[in-house]
Amino acid sequence: MIFLDAAATTPVRREVLDAMWPYLTGEFGNPSSHHSLGEAAAAALADARAAVANVLGCRAGEVTFTSGGTEADNLAVKGIALARQAADPRLNRVVVSAIEHPAVEESARYLERFHGFAVDVVPVDGTGLVTPEALAAVLRPETALVSVMYANNEVGTVQPIAELAALARAQGIPFHTDAVQAAGWLPLDVKALGVDALSISGHKLGAPKGCGVLYVRGRTRIEPLVHGGGQERGRRSGTENVAGAVGLATALTLAQRDQTGPGARVAALRDSFTAAVLGGVPGAVLTGHPTKRLPSVASFCFPGTSGESVLLELERQGVVCSSGSACAAGSDAPSPVLTALGVPSEVAQTAVRFSFDSSVSAADLEAAAQAVLAAVASVRTLGRA
Ligand code: PLP
């Protein structure tokens, strides 16, 4: 099987599992316990936090471990907006881009439904970019928070985060970015990015599912969503997932170290794969930005097919990929991301996303490109559009 669905999830890296193993077995303590086992767990958690802070270029106290990207996004969007509204009730608007992951989009809608917020959606252009002009046009004195993702999970477009964040912050508005797909591929220095909050998920970069991180800048006020024993400096109660935190810190450190190597290598492989598909499949269209895109994502529309039929045919040939985000899999509705890019719904239904991890090989992608050519031709011949 050639697995080209790494944007959905990745296997746990061997080094990550090795680093986690002691905290799943002998060193199984609760970091809040005041005996030696508990202290060992607390020390491991502190080391993991320091390692994440090192990659993000922030202080350890600015790192909150969560149960994943979804929780990190919820905590950022709801937590910051609610804290600002509590301090000043006039701050009752949030800005999100038109192509956010549901974890951000639905958090904003929750604020709208239950807390009297208005949601301002900043549009993207045909390549999926949020322009500074488009963002400037929706900022208001009442805006409590802006959230724009670093890189999109369906089409891979990378946003000019530093520029967008500077715009918001110049008006005193905190800026959050969902870096779940960017982590491992793009620089994550939060000071260079100029963001107030940033979300990461472990399972997209070789750590297990169910662990994530939210960075929150120093004095930013944030209302916790999970109440209890006050772990994570009161921001996220619940006994900490020590092994998960260690795994995430290890995976993030490894990915950061790899960035100049596999990142450039994978980008070159992606370009060859893209050229082979565009050259070999009549009418194929690359979606997203032609150059400002993740090394790890190539997504296409194949007019005259249905994305789901192409996926089935590809899987029969041993290539596993997806028609868009894993969260939307199985839904008949055209992808809201592609719709926001202006792709007509009948074309959006033909979308197929290929996404790679750092171990992808040239041979795999050459074989996959041949499989794509054959799969699309077969679907078109059989009229399974
Ligand atoms: N944000 C983006 C951009 C994602 O791609 C995903 C996962 O698909 C998430 C958030 C959610 O992360 P998790 O699966 O860890 O909850």
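Quick caveat: nothing in here was measured; it's all calculated off a predicted structure. (Residues numbered from 1 in each chain as written. Predicted model: local features only at pLDDT ≥ 70, side-chain atom pairs only at ≥ 80, totals over all residues. Heavy atoms only, no water.)

Quick notes on the overall build of the chain
Within the chain, the regular secondary structure consists of 13 helices and twelve strands. By the compact-globule yardstick of 21 Å for 385 residues, the chain fits well, its C-alpha radius of gyration being 21 Å. The principal-axis extent of the C-alpha atoms belonging to the chain is close to 65 × 50 × 35 Å. Put simply, 75% of the contacts in the chain that link residues at least 6 apart link residues at least 24 apart. Roughly 15300 Å² of accessible area belongs to the chain as shown, and the carbon and sulfur atoms make up 56% of that amount. Of the charged side chains in the chain, 30 are positive and 36 negative, and the gap between their average positions amounts to 4 Å. (Helix = DSSP H or I, 4+ residues; strand = E, 2+ residues; numbered from the N terminus. Rg over C-alpha atoms; globule rule 2.2 N^0.38 Å. Contact = heavy atoms within 4.5 Å. Areas by Shrake-Rupley, 256 points an atom, 1.4 Å probe, with all protein chains shown as cover. Lys, Arg positive; Asp, Glu negative; His and termini not counted. Charge placed at Lys NZ, Arg CZ, Asp CG, Glu CD.)

So, unusual backbone geometry
In this structure, Glu232 is a non-glycine residue whose phi angle is positive, near 55 degrees. For Arg233, which is not glycine, the phi torsion reads 50 degrees and is therefore positive. Secondary-structure assignment places Arg233 in the loop between strand E8 (212-216) and helix H8 (242-258).

Thoughts on the site of the ligand
Around the ligand lies a shell of 13 residues, among which Gly69, Thr70, Asp178, Ser201 and Lys204 are the nearest. Here Gln181 contributes a side-chain N or O atom positioned 2.8 Å from an oxygen atom of the ligand. Within the contact set of the ligand, an oxygen atom lies 2.6 Å away from a side-chain nitrogen or oxygen of Ser201. Tallied by class, the residues present in the shell around the ligand amount to two nonpolar, eight polar and three charged. (Near = heavy atom within 4 Å. Polar contact = N/O pair within 3.5 Å; in protein donor to acceptor, adjacent residues only side chain to side chain. Nonpolar A, V, L, I, M, F, W, Y, C, P; charged D, E, K, R; others polar.)

Structural notes on the sheet that holds E8
With mixed pairing, seven strands are arranged side by side in an open sheet as E2-E8-E7-E6-E5-E3-E4. Two strands bound the open sheet, and with one partner strand each, they are strand E2 (63-66) and strand E4 (118-122). Averaged over neighbouring strand pairs, the angle between their axes works out to 20 degrees when direction is ignored. Relative to strand E6 (residues 175-178), strand E5 (residues 143-147) runs parallel, the two being bridged by two bridges. In the sheet register, Ser147 faces E6, and the bridge partner there is His176. Relative to E5, helix H3 (residues 69-87) is tilted by about 160 degrees, and along the sheet it contacts E2, strand E3 (93-97), E5, E6, strand E7 (197-201) and E8. On the sheet, helix H4 (residues 102-115) packs against E3, E4, E5 and E6 and is oriented at approximately 160 degrees with respect to E3. (Pairing = 2+ DSSP bridges. Axes fitted to C-alpha atoms, helices over the stretch in contact; angles between N-to-C directions.)

Considering the packing of helix H2 (residues 36-56) against H8
Between H2 and H8, the shortest axis-to-axis distance is 9 Å and the interhelical angle comes to 30 degrees. It follows from the interaxial angle that H2 and H8 lie roughly parallel. The handedness of the crossing between H2 and H8 is left-handed. In contact with Ala41, Ala44, Leu45, Ala48, Ala51, Val52 and Val55 of H2, H8 contributes Val242, Ala245, Val246, Leu248, Ala249, Leu252, Thr253 and Gln256. Looking at the contact of H2 with H8 residue by residue, the class counts come to 13 nonpolar, two polar and no charged. (Parallel < 35°, antiparallel > 145°, perpendicular 65-115°, else oblique. Left-handed = near helix turned anticlockwise from the far one by under 90°.)

Topic: the domain arrangement of the chain
Much of the literature gives interface size as the accessible area that the parts lose upon coming together. In terms of domains, the chain is made up of domain 1 (2-8 + 259-384) and domain 2 (14-257). In this assembly, domain 1 packs against domain 2 so that about 2200 Å² is buried in total across both faces, 58% of it on carbon and sulfur atoms. At the junction of domain 1 with domain 2, the criterion picks out zero salt bridges. Between domain 1 and domain 2 we count twelve residue pairs in polar contact (both at pLDDT 80 or more) in total. Of all the secondary structure elements, the ones that give two or more residues to the side of domain 1 that touches domain 2 are helix H9 (262-280), strand E10 (297-301) and helix H11 (336-340). Its residues assigned to classes, the side of domain 1 that touches domain 2 comprises 14 nonpolar, eleven polar and four charged. (Domains from an automatic or database assignment. Buried area = accessible area lost by both parts, 1.4 Å probe. Salt bridge = Lys/Arg side-chain N within 4 Å of Asp/Glu carboxyl O.)

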